[in-house]
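Structural characterization, general
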Amino acid sequence: MLTITDSAVEQIKKMMAEEGEDLMLRVGVKGGGCSGLSYGMGFDSKAEEEDTTLTLNGLQVVVDNESVPVLKGVVIDYKQNMMGGGFTIDNPNAIASCGCGSSFRTATNAGTPEDC
């Protein structure tokens, strides 16, 4: 369904260790942004009934079932450069994105665009 690279898993596990709790990564999509949809990533302590649970590279990941089709084929990576580091999301389903790259839309889901 989705791929998380080794470098992203390593960074996520470091961040989880700093939290000091038994957590899992929650990945999802919500309406908003210039193009209509935006990504969400954060930590959660439990999965909900309407979630899909995955284990990727030893990392427990939960995705709400509404986000599953939009995230199919997504690759989450972590890249380090001279300005610092950050996560990147490559989504083969995105047909358009905003200039800043923080929102997108797919052929089947336009989301809820906001004025930027």
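Here, every reference points to the structure presented above.
Basis of the calculations
- Residues numbered from 1 in each chain as written.
- Predicted model: local features only at pLDDT ≥ 70, side-chain atom pairs only at ≥ 80, totals over all residues.
- Heavy atoms only, no water.
- Helix = DSSP H or I, 4+ residues; strand = E, 2+ residues; numbered from the N terminus.
- Buried < 20%, exposed > 50% of the residue type's maximum accessible area, 1.4 Å probe, protein only.
- Contact = heavy atoms within 4.5 Å.
- Phe/Tyr/Trp six-rings, centres within 6.5 Å; stacked < 30°, edge-to-face > 60°.
- Salt bridge = Lys/Arg side-chain N within 4 Å of Asp/Glu carboxyl O.

**What about the overall build of the protein chain?**
On a plain count of helices and strands, the protein chain comes out with two helices and nine strands. Across the protein chain, helices and strands are ordered from the amino to the carboxyl terminus as β-α-β-β-β-β-α-β-β-β-β. Buried positions account for 34% of the 116 residues belonging to the protein chain. Contacts in the protein chain between residues at least 24 apart in sequence constitute 55% of all its contacts with a sequence separation of at least 6.

**Brief notes about unusual backbone geometry**
One non-glycine residue with positive phi stands out, namely Asn57, at about 50°. Mapped onto the elements, Asn57 comes out in the loop between strand S4 (51-56) and strand S5 (59-64).

**Some points on the packing of aromatic side chains**
Using the criterion set out here, one finds one aromatic pair in the structure. Here Tyr78 and Phe87 contribute two aromatic rings whose centre-to-centre distance is 5.0 Å and whose plane-to-plane angle is 65°, an arrangement assigned as edge-to-face. With relative accessibility at 29%, the residue Phe87 sits in the partly exposed group.

**Brief notes about the pattern of salt bridges**
Throughout the structure, instances matching the rule amount to four salt bridges. In this structure, the salt-bridge partner of Asp51 is Arg26, at a minimum N-O distance of 2.7 Å. Here Arg26 lies in strand S2 (residues 24-31) and Asp51 lies in strand S4, a separation of 25 residues in the sequence. Neither Asp51 nor Arg26 differs from the other in exposure class; each is buried. One salt-bridge network, in which partners are shared between bridges, spans Arg26, Asp44 and Asp51.

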